[in-house]
Each structure stands twice: as C-alpha cells, then as structure tokens.
Amino acid sequence: MKLLACAVLLFSASAPAQNFSGTAALDEAVNAAVREKRIPGAVLLVGRQDQILHHKAYGHRALIPAAEPMTLDTIFDCASLTKVAATTPALMKLFEEGKLRITDRVTQYLPEFQGGSSEITVRHLLTHFSGLRPDLDLEPAWSGYQTGIQKALLDKPVFPPGHRFVYSDINFILLGEIARRLSGEQLPDYARRIVYAPLGMQNTMFQPARALHSRIAPTEVVGGAPLRGVVHDPTSRFMGGVAGHAGLFSTAADLAKFCQMMLAQGAWSGARIFSPLTVEKFISPQSPPDQPILRGLGWDIDSPFSGERGELFPIGSYGHTGFTGTSIWIDPASQTYVILMTNAVHPKVGPAITSLRARVATIVAAAQGITAPGVSLTGYNETGARLRREVARNAQVETGLDVWAGEGFKALAGKRVGLITNHTGIDRQGRRNVDRMVEAGVRVTALFSPEHGWAGVEDKQDVADTADPKTGIKVWSLHDGKTQRPTPEMLRGIDALVFDIQDIGARFYTYISTMAYAMEEAARARIPFFVLDRPNPITGVRVEPPVLERDKFSFVGYFSLPLRHGMTAGELARLFNAENHIGADLTVVAMKNWQRGDWFDSTGLPWVNPSPNIRGLTAALLYPGVAMLEYTPNYSVGRGTDTPFEQIGADFIVGSDLASYLNQRFIPGVRAYPVRFQPASSHFSGVWVEGVRLVVTDREVFDSERLGLEIAAALQKLYPGKISFAANRILIGEDETIRAMAAGEDPRAIRQRQENSLQKFLTLREKYLLYR
C-alpha cells in the first residue's frame, strides 16, 4: 500500500508546469495534425521525474457516429504498447523472482513449441530476432485464446534465430503465454496485481467494462460501426481481447505513472516496482552483436520503428509505439518521458503518424536542452558511446565468382559463354574472372562492358567496343551512345550470359540497370542468365528513401528502388525478374560468409574503384546523398578532383557559411569544413570554387539521404534559386520530395513523410533477400 500511495501522490500532486518552453510548439504540432485530418484528436503528456510539464487534450475523441471532444481522461486502445506495458513488466517480475532466464530456450517454458525442438530463446522473442513471421494467418477465420496459442506454438520460423530482425506479434503472443504459465495467472490479472494496482493505474485494463465505453476512444469502423472498448488488433480480437502483443487499454495519466516507475532509479528516487538492475537490463541493447539494430528486452532503442525518438533524444533512450496511434518514449539521461495517445485509425486507417511522433519528441528534447547523440553535453556522450555499437566483423567472404571457381565452373561446361563484367570482376586473390574461366576450360566467346568501359576508366557517354588485351576476346560496349543492352547480333552463338560486376548500393548507379537490361534480352533470346553475387559495400542493412516513381524510370533508375536499397546485385536480379515479369532463366550464385551488416572492409576482399569517381568506401557511402543534385549545371560534386563525392562547391557558395549551417544542423554521423578546389574536368573545370568537405564521423548512424536533404535545404536557404531541383528529378526520384526541397521545408519532416513508401518497399524486398 505504501507504493500505491506514493505513486498516486507523485502524479496527482504535479500540475503541468506553467513555464515549459515547448508548450506553444507542441500545441501547433498536434493541432496541425488534427487540422490536416491525420488524427481525430490526441492526449499528449510530457513529464520529467515527478513533474508533469505538459498535459493536454486536442481535437475529438470520436468523429462518428457523432463528434465527441477529446478529454484528458480518455481511455485508448494501446495496441502494441501492450508489449512493453503489460507483457514485458510481467516477465521482468518473473525474471527477478528467478522463474525466468532470458537465455533459456523457449521450449524450457513451452515444451510443445516447434514440436519440442527449437534453438529460439526468450531473448530472441523479446528482441524480435526469433525469425518468426510478423503475425498469424487470419484466414480462414478462427477464434479463442487457446487456438491462437496453438497456432503460435506451431508457426514455422522463416529465418534462423538471431540472424534477422523481423518485428513479430507472434513473439509476444508466446511471451504472454510464458507469463501466464509461470505466474499461474491470466496476464491481465498478473499485470494488475504486480504493476497497475501498486502504481494506482486504475484506468488500465484488458477487456474494459461496458460502463467505461463512453470514455474510450473508438478506432476503425468494422462491420459498419467503430470498434469501441473492443481491441482493434484482429489477432488479439480473435483471441478474445487478451494476448501478449495487444489488448491493453489505458490513459496517458496512467502510463505516466508507469514511465515514472521505469525512471525511478539513480539520482531521483521515485516509486519502484523492480530493481534498478532489472530495469537496466531490460532497457539495454540485447540484440545480436553483429546487428546495427538496437533492441532492448521488449523495448525499442534504435531500429526502423524508433521514429518516435525524434532527432534529439540520445541513443540510450527507449520506447515503443502502437498501431492505433499510441507511443511512449523515455530518456533516462534527462529523466524525461513523452506519451502521445491518439486513435489515428478512426474512423479508418490512414498514413502512419511517424512524423508527428518525431516532431513532438524533438520539440520536447529541444525544450529540455537535450542535444543530438554524439554532441558534447555532460552525461550524453557517455550514454551514447556506451550504447552505440560499431559493427566490425573480420570475415573471409567468398564472392559468387570464388564459389563458382571452387566448383570448376561446372554449370558452364560445354556452353559458349558471354561475360558481362569490367575491372571489378576479380576473385579474392585479385585474379580476373575471364582468366579464371578460360583456365578452367570455359569457352568464353564474348565480353560485354558497362558504363566506364572494360577497364573502368572512361567517363563519357560513347565508350567504343574493344578487345581484351590478354585473351583477344571481343568486348562489346553496352554504353556506346547507341545501345545500353546486348543486341541480337551480340548474343548470336551464346548459350549462357554471366554477370559479374561490383555495385555500390545506390539506386542510380547504372551497373544494375545494365544487368536488368541484359536479363530482359537474355529472356527474349532464351539464354540462361547467371549472376555471380558480390557484397553491397555500404551494408545490406540500411535502406533509405525516396523510392523512385515510375514516371522517372531511366538508365539511372530501372526500378522503384529507394535511394539506398540495401541489396546485392543477386538479390536485385531476383527482385527485377519476379516483379517486372522478365521471365529470365535466372541463377544467382550466392556468396559465402557475407552478412547483411558487413561493410566492405569486413569482407577481406580487395577494393577496386568501381568507377573513376568512386575512389573508396567513404565516397561510396556519401554518393547516394551527394549525387542527388549533381545534374545541376552550376554545381560541383567534386568530379575532376582527388575526392569526388566527398566535397561539393560552386561559384556562388561561401564555404565557411555553408559549413557552419550544415554543422549547426547536427546531421547524424557527418561534419563539414570549408574548402576551395579547382576541378580538372566536369563542372567548373579549371575554375577555383568554394565549398565544403564532408567527413563521416559515425557511419553506423549516418543516413545518406538525410545528408542530401540537408545539403539541398542549406543551398536553398543560403543561395535561393541557384539549384534546379527539377533538373535532378530522375535522381531525386519523387515529386513530393522535389517540391518540398524547392519550398525549403525541414529535411527531417521530408524524411518522415517518405516512410510510408519506404515501408512498402521493405515489405516487398523481404521476399528476395538471400543473406542474414
């Protein structure tokens, strides 16, 4: 009872602070979302330690069948906040009591899971690295809690445990069942006894009573009427409204008590339910060490789903979202928490509200004087440095060429082979693919070169045919100013086409277009097509928008890919062949020992500049963002200098002003300093110009597109009208982004609006990935 009295006093005694500097900006952000009909209404609560800084209701609780104003005591369907506000604390208590070990296999607690044999651990479930699918099948329709549990117990993983992050409701359905079996109580009863009652969370429950329905924010219209007091998540609904992944209802005020409890350790001593050591364990990174995604036990730290962290809360803060429009973010360093409760799915599901969540969090952090991760501010560097993980694996990767050579190229026996390659087609020892094939007895009858020619040194649009000096085999140019694809004449007498070129992971790098065009021609000629796969040098993890729109397809944009696609050439070939219905007889010779988180320097492979102006891994990483504007005629991206794509400049730029502006934006992972340079070719050839040099300070948090957006915004603000965004439409790839750039909109807002199209691509991409 002492805990209950303490918790209630902590919250009820704390009226919203009258001098919180973020109030006006928060009001504008949420009211704008209501005006623009992104949400019907919201309750926003911001707190620091035991003080409430901001607690307001906005807009409407309901729009149909009749409008109802939002009130502070509105009860919301928490959706996936159930995972962290019910299931995770239940497991925390069982962990403290010695009834649960995070490292144990799931079969220790659910013996029938996967037929009794599985390497999946409790940690895998809590961090979403189990390899299980995102959700259970809902068709044909079924019902009952036990039916849902049985389905979850038998659902087959799609990836090995620990190898790939797949956000999965099945994980928490299973965890909820573990909590039920170990506690001997239903999850709602156990959570109420150990958390909600001690904290005085009187408006937090599963399966709310009908008497409370008038206070509950309705969600989507289902069966002709909005769901009200009935869980929105269909799987939880099929299970009767109680499940480990969804089903909880609560208010912002109740969740504030929960957040205060999670922060009640260290310097500030508030109401405690768990040991500080237990809290620390659950909110610290627990995902596999070779993965750049950071997940705690249940909690999100730094992943594709953590947009609600905003731009300024440091890595080391944590939170979660719910599909209905709910979110929590907690920052232990500043003892701050942000609770945004909306019913964004009422009366129908609309676009994600990631941008609103991010904007709210950024406003709160800025008002608190919080600085972005990596910026010197007492207490934040230490936290950020401790939690940011550097992925540095020392591997011995075998490319598709190495793998095939080890097999003696047996798939090519007796065939006349056409080889599409250039100077990058080498094995681990630096030996050329054509030489390895010829030595193995393969009959290579024709060679084909992409942009930049056979030796990779040409920087023009009309590269002529040639012959390989060593073998004398003719080299057909697929970039001769007339054609970019093999013609019937070139393919005459060929029984197999092989593609082996190093890509760099950017949408507009043309080697993947050459591959796709060749696949199309091979399909027409009924010639088998083989891709010898190679690493994505800037990792296969990061995927960055904008996604190319169809009316902007060209040689520098073959498919609706994001700017940074995070795929290998072999994976792209599978994607193109299936989604464009090419119909090629395609074989991808996969690499060995490559993992998605590997940078090129982790592979053990020799680096070869893939084109004249990509002269290292740093240039490859900067290229997607910097090259977005390179079709501007009065602007240099460093071509014709020693460091192309690592510096930008123009005759209208004042380098010190541009560097100062960019650095004040605190762009994650990159800094700028003023320079003067004189290109020997390309734009401003022979002319000295000012600009900035770009230095990547943390490649794990660096976002190429964010840099490109920030450069565009800086140039438009400092030198309005000097950059033609329309001239770069096929590079930028999306009309809305082009419009927003020209309008000088905040790059962070632009980035958030791109998330919907990016998520669609990520879902599509999953089907074609070959590596963990």
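Our subject is the structure that appears above.
So, here's what we can say about the structure. (Residues numbered from 1 in each chain as written. Predicted model: local features only at pLDDT ≥ 70, side-chain atom pairs only at ≥ 80, totals over all residues. Heavy atoms only, no water.)

## Thoughts on the overall build of the protein chain
Alright, step 1. Across its full length, the protein chain carries 24 helices and 25 strands.
Alright, step 2. Since a compact globule built from 772 residues should have a radius of gyration of about 28 Å, the 28 Å found for the protein chain is in line with a globular shape.
Alright, step 3. Its C-alpha atoms give the protein chain principal-axis dimensions of roughly 90 × 65 × 50 Å.
Alright, step 4. Across the 772 residues that make up the protein chain, the buried fraction comes to 60%.
Alright, step 5. Of the roughly 28300 Å² of accessible surface on the protein chain, 51% is carried by carbon and sulfur atoms. (Helix = DSSP H or I, 4+ residues; strand = E, 2+ residues; numbered from the N terminus. Rg over C-alpha atoms; globule rule 2.2 N^0.38 Å. Buried < 20%, exposed > 50% of the residue type's maximum accessible area, 1.4 Å probe, protein only. Areas by Shrake-Rupley, 256 points an atom, 1.4 Å probe, with all protein chains shown as cover.)

## Digging into the packing of helix H20 (residues 704–718) against helix H22 (residues 735–742)
Alright, step 1. One way to put it is that H20 packs onto H22 with a least axis distance of 9 Å and a crossing angle of 35°. Contact residues: Leu 709, Ala 712 and Gln 716 in H20; Thr 737, Met 741 and Ala 742 in H22.
Alright, step 2. By residue class, the composition of the contact of H20 with H22 is four nonpolar, two polar and no charged. (Axes fitted to C-alpha atoms, helices over the stretch in contact; angles between N-to-C directions. Contact = heavy atoms within 4.5 Å. Nonpolar A, V, L, I, M, F, W, Y, C, P; charged D, E, K, R; others polar.)

## Topic: the sheet that holds strand E24 (residues 670–677)
Alright, step 1. Ordered in space as E23-E25-E24, the three strands form an open sheet in which the pairing is antiparallel. Every interior strand has two partners, whereas the edge strands, strand E23 (647–650) and E24, have only one. Ignoring which end each strand starts from, the neighbouring axes of this sheet average 25° apart.
Alright, step 2. Judged from the four bridges that link them, E23 and strand E25 (residues 689–696) form a sheet pairing that is antiparallel. Paired with Gly 649 across the bridge in E25 is Gly 691.
Alright, step 3. Helix-sheet contacts for helix H18 (residues 617–626) involve E23 and E25, and the interaxial angle to E25 is about 120°. (Pairing = 2+ DSSP bridges.)

## Quick word on the side chain of Arg 534
Alright, step 1. Tracing the backbone shows Arg 534 in the loop between strand E19 (529–532) and strand E20 (544–547).
Alright, step 2. A distance of 2.8 Å separates a polar side-chain atom of Arg 534 from the backbone oxygen of Ile 426.
Alright, step 3. A distance of 2.7 Å separates the side chain of Arg 534 from the side chain of Asp 500, its partner in a polar contact.
Alright, step 4. Every residue in contact with Arg 534, bar those within four places of it in the chain, is listed here: Thr 399, Leu 401, Thr 424, Gly 425, Ile 426, Asp 500, Ile 501, Gln 502, Thr 568 and Met 591. (Polar contact = N/O pair within 3.5 Å; in protein donor to acceptor, adjacent residues only side chain to side chain.)

## Topic: the packing of aromatic side chains
Alright, step 1. Under the defined criterion, the tally for this structure stands at 20 aromatic pairs.
Alright, step 2. Judged by centre distance (5.3 Å) and plane angle (90°), the rings of Trp 594 and Tyr 771 are edge-to-face. In this pair, Trp 594 sits in the loop between strand E22 (586–589) and H18 while Tyr 771 sits in the segment after helix H24 (755–766), placing the two residues 177 residues apart along the sequence.
Alright, step 3. For Trp 594, a relative accessible area of 5% puts it in the buried group.
Alright, step 4. Judged by its relative accessible area of 5%, Tyr 771 falls in the buried class.
Alright, step 5. Through a chain of ring-to-ring contacts, three or more aromatic side chains come together here, namely Phe 508, Tyr 509, Tyr 511, Tyr 623 and Phe 645.
Alright, step 6. Over the ring of Tyr 517 we find Arg 485, and its NZ or CZ is 4.2 Å from the ring centre. (Phe/Tyr/Trp six-rings, centres within 6.5 Å; stacked < 30°, edge-to-face > 60°. Lys NZ or Arg CZ within 6 Å of the ring centre and 35° of its normal.)

## Quick look at the pattern of salt bridges
Alright, step 1. A complete count under the given rule lists 57 salt bridges for this structure.
Alright, step 2. Of the charged contacts, one joins Asp 427 and Arg 436 as a salt bridge, the two residues approaching to 2.6 Å between their closest N and O atoms. The residues Asp 427 and Arg 436 share a single accessibility class, namely buried.
Alright, step 3. Across the pair Glu 745 and Arg 753 runs a salt bridge, and its minimum N-O distance is 2.5 Å. (Salt bridge = Lys/Arg side-chain N within 4 Å of Asp/Glu carboxyl O.)

## Some points on unusual backbone geometry
Alright, step 1. Going from Glu 139 to Pro 140, the amide bond is cis rather than trans, its omega being 0°.
Alright, step 2. Within the secondary structure, Pro 140 is located in the loop between helix H4 (122–127) and helix H5 (145–154).
Alright, step 3. In the segment running from Pro 545 into Pro 546, the intervening peptide bond is cis, with an omega of 5°.
Alright, step 4. Summarising the element assignment, Pro 546 is placed in strand E20.
Alright, step 5. Backbone geometry places Phe 645, a non-glycine residue, at a positive phi of 65°.
Alright, step 6. On the secondary structure map, Phe 645 appears in the loop between H18 and E23.
Alright, step 7. With a phi angle near 60°, Phe 684 is a residue other than glycine that sits in the positive phi range.

## Re the sheet that holds E19
Alright, step 1. Sheet architecture is open: seven strands sit in the order E16-E17-E15-E14-E18-E19-E22, paired in mixed fashion. Looking at which strands have only one partner, the edges of the open sheet turn out to be strand E16 (466–467) and E22.
Alright, step 2. Two strands pair when backbone bridges link them, and strand E14 (residues 416–421) and strand E18 (residues 496–500) are joined in this way by five bridges, in the parallel orientation. Paired with Ile 420 across the bridge in E18 is Phe 499.
Alright, step 3. Against the sheet, helix H16 (residues 511–525) makes contact with E14, E18, E19 and E22, and its axis sits at roughly 155° relative to E19, the strand it touches most.

## Brief notes about the pairing of strand E2 (residues 51–62)
Alright, step 1. Pairing geometry for strand E1 (residues 41–48) and E2, over eight bridges, is antiparallel. Note that in E2 the partner of Arg 48 across the bridge is Gln 51.
Alright, step 2. What sits between E1 and E2 in their antiparallel hairpin is a turn of two residues, with Gln 49 showing a positive phi close to 50°.
Alright, step 3. Relative to strand E3 (residues 68–69), E2 runs antiparallel, the two sharing two bridges.

## Here's the deal with the state of the cysteines
Alright, step 1. What the rule picks out here adds up to zero disulfides.
Alright, step 2. Just so you know, Cys 78 is unpaired, no disulfide at all, and the nearest cysteine sulfur is the one on Cys 259, 11 Å from it. (Disulfide = S-S within 2.5 Å.)

## Digging into the nonpolar core
Alright, step 1. Judged by nonpolar contacts, the single largest core of 102 residues is most densely connected at Phe 448, Met 515, Phe 529, Phe 576 and Leu 715.
Alright, step 2. Among the elements that take part in this core, H16 stands out by supplying eight residues, more than any other.
Alright, step 3. Not counting residues up to four positions away in its chain, the partners in contact with Phe 529 are Ile 420, Leu 497, Phe 499, Met 515, Ala 518, Met 519, Ala 522, Asp 585, Leu 586 and Thr 587. (Core = buried A, V, L, I, M, F, W, Y, C linked by side-chain atoms within 4.5 Å.)

## Let's talk about a nonpolar patch on the surface
Alright, step 1. Taken together, Leu 63, Ile 64 and Val 221 make up a surface patch of nonpolar side chains, about 190 Å² in accessible area.
Alright, step 2. Among the secondary structure elements, Val 221 is positioned in strand E6 (residues 221–222).
Alright, step 3. The exposure class assigned to Val 221 is partly exposed, which follows from its relative accessible area of 31%. (Patch = residues over 30% accessible without salt bridge, like charges linked within 9 Å, V, L, I, M, F, W, Y side chains within 5 Å.)

## Examining the pairing of E19
Regular strands place side chains that alternate from one sheet face to the opposite one.
Alright, step 1. The two faces of E19 match: Phe 529 and Val 531 on one face and Phe 530 and Leu 532 on the other face are all buried.
Alright, step 2. Sheet topology places E18 next to E19; three bridges connect them, and they run parallel. Counted as the bridge partner of Val 498 is Phe 530 from E19.
Alright, step 3. Handedness of the β-α-β unit built from E18, H16 and E19 comes out right-handed.
Alright, step 4. Relative to E22, E19 is paired through four bridges, and the arrangement is parallel. By the bridge assignment, Val 531 is partnered in E22 with Val 588. (Right-handed = clockwise from strand over helix to strand, strands pointing away.)

## With respect to the environment of Arg 192
Alright, step 1. Relative to the helices and strands, Arg 192 resides in helix H7 (residues 187–199).
Alright, step 2. Linking Arg 192 and Ala 90, residues 102 residues apart in sequence, is a C-alpha distance of 9.6 Å.
Alright, step 3. When residues no more than four places from it in sequence are discounted, the contact partners of Arg 192 are Ala 197 and Pro 198.
Alright, step 4. A polar contact is formed between the side chain of Arg 192 and the side chain of Asp 189, at a distance of 3.2 Å.

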